[in-house]
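These are the residues of each chain, in order.
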Amino acid sequence: MKILVLNAGSSSLKFSLFSGVDSHLVTHGVIDHIDDASVEAYTRALTSIEHLLQEKGLEENLGDCDAVGHRVVHGGELFQEATLIDTENLTKMKTLSHLAPLHNPINLVPIEIIRARYPALKQVAVFDTAFHQTLPEKAYRYALPNDLYTTHRIRRYGFHGTSHQYIAKRMADHLAKPLSELNIISMHLGNGASVCAIQNGKSIDTSMGFTPLEGLIMGTRSGDIDPAIPLYLIEALGYSAQEVDHLLNHQSGLIGLTGENDMQTILSLAQQGNLQAQLAVEMFIYHLIKVVGGYLAIMNEVDALVFTGGIGEHAADIRQKTINGFSPLFKIHLDHSANDTLVCEGRISTPGSAVECWVLPTDEEWEIAQQTLQRLS
């Protein structure tokens, strides 16, 4: 069984080929510098992937795969699990494009190209939002007029669900607990960042909302701000709605504070005495602790706090400052030696810590492959 996983972005197409029921990674790569989101551009990208697989003697063409699993950002309330793509489901997916206009239309382009070229090839959509469909209504509703939810479905959806779901499964293995009994707080920290409270193996709250803009401070996204600020920018400072959207999604967060969106670069600048970088690190950690602390307050039991994502996995300083930044009331204690010497994954809290702290690399592509296999079976 060979599963090709595709992740279509605005300027790139990532691919990974997995084999077997355990989804063993055979090869992976990325086609960069896609100039536009046209069918022609992604057709060329898919042809490039075919050539790469041919050169490695893995496949003659994409049709030789048993299935293709696609990352699709937004599934709305229509899709609560991985879904086999047919004409009906593809039509439903298109109706959700307005919820993620920068992502979903692009995610769907390779799907349609493959359907046209290899109509017999099975394709499965795995949604970033699906894992969070278990949120209780008190967590996903906004305090807006009811009609905005009932008619327009304005609510918290959450993202990074595939990553948080993968981390939950891995953590259950590490703790030798059934997934249905696992209680953790997963911190996916990268250029995009979110926290997920997982109780009995299910998402019960998450920091991203109607869009991926809500929540933590991120590489180029502002995270939580007073919702009146966009109105002020438009009415008092003359911004257009499009300019506000660009400002909040692409010019804010870490890059807005420092001119840089790479956390390692910002940490280096902070160590050199750069005051803006120091403030950005303090703000990033402060907001992270507030969110995690809030989830600790609503959960009856927490087995572990888990760091993942590019920052979570590789920035030991951020992990140290975060864990040491919790109030002593939480009795969470860092093992400094374990944190500093960690190579890949493991526990970084002391034996006496009230909550274990772990670092686990995420693997969204593997999770997509596994969910594709499960859907096919």
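Use the structure listed above.
First things first, this report covers the structure right here in the doc. Fair warning: this is a prediction, and the values are worked out from it, not measured in the lab.

1. With respect to the overall build of the chain
Thought 1: Counting secondary structure elements, the chain contains 15 helices and 12 strands.
Thought 2: Its C-alpha atoms give the chain principal-axis dimensions of roughly 60 × 55 × 45 Å.
Thought 3: Considering the chain as a whole, with its 377 residues, one finds that 50% of them fall into the buried category.
Thought 4: Restricting to contacts in the chain with at least 6 residues of sequence separation, those with at least 24 account for 63%.

2. So, the pattern of salt bridges
Thought 1: The final tally for this structure, using the stated rule, is 15 salt bridges.
Thought 2: The partner of Asp-303 in a salt bridge is Lys-177, and the shortest N-O contact between them spans 3.1 Å. Note that Asp-303 is positioned in the loop between helix H11 (275-298) and strand E10 (304-308) and Lys-177 in the loop between helix H6 (161-175) and strand E7 (183-189), a separation of 126 residues in sequence.
Thought 3: With relative accessibility at 21%, the residue Lys-177 sits in the partly exposed group.
Thought 4: Among the charged side chains, a salt-bridge network with shared partners connects Glu-77, Arg-153 and Arg-155.

3. Thoughts on the sheet that holds E7
Thought 1: Spatially, six strands are ordered E9-E8-E7-E10-E12-E11 in an open sheet, and the strand pairing comes out mixed. Each having just a single partner strand, strand E9 (202-206) and strand E11 (346-347) make up the two edges of the open sheet.
Thought 2: Pairing geometry for E10 and strand E12 (residues 356-359), over four bridges, is parallel. The residue bridging Leu-305 from the neighbouring strand is Cys-357, located in E12.
Thought 3: The strands touched by H6 within the sheet are E7, strand E8 (193-199), E10 and E12, with E7 carrying the most contacts at an inclination of about 130 degrees.
Thought 4: Each of E7, E8, E9 and E10 is contacted by H11, which is oriented at about 160 degrees to E7, the strand it contacts most.

Reading the values: the criteria
- Residue numbers restart at each chain and count upward from 1, following the sequence in its written direction.
- Only residues with pLDDT of 70 or above have their local features reported here, since the model is predicted, and side-chain atom pairs are shown and tallied only from 80 upward, although totals for entire chains, interfaces and linings are computed over all residues.
- As a rule here, side-chain values come from all non-hydrogen atoms in the structure, and water together with hydrogens is ignored.
- The secondary structure listing takes helices from DSSP runs of H or I that are at least 4 residues long and strands from runs of E that are at least 2 residues long, numbered from the N terminus.
- Each residue is placed in one exposure class: buried if its accessible area under a 1.4 Å probe, protein chains only, is under 20% of its type's maximum, exposed if it is over 50%, and partly exposed if it falls in between.
- Contact criterion: two residues are considered in contact whenever any of their non-hydrogen atoms come within 4.5 Å of each other.
- Any carboxyl oxygen of Asp or Glu within 4 Å of a side-chain nitrogen of Lys or Arg constitutes a salt bridge here.
- Strand pairing is assigned whenever DSSP detects at least two bridges linking the two strands.
- Note on method: axes are straight lines fitted to C-alpha atoms, helices fitted across the in-contact stretch only, with angles between N-to-C directions ranging 0 to 180 degrees.

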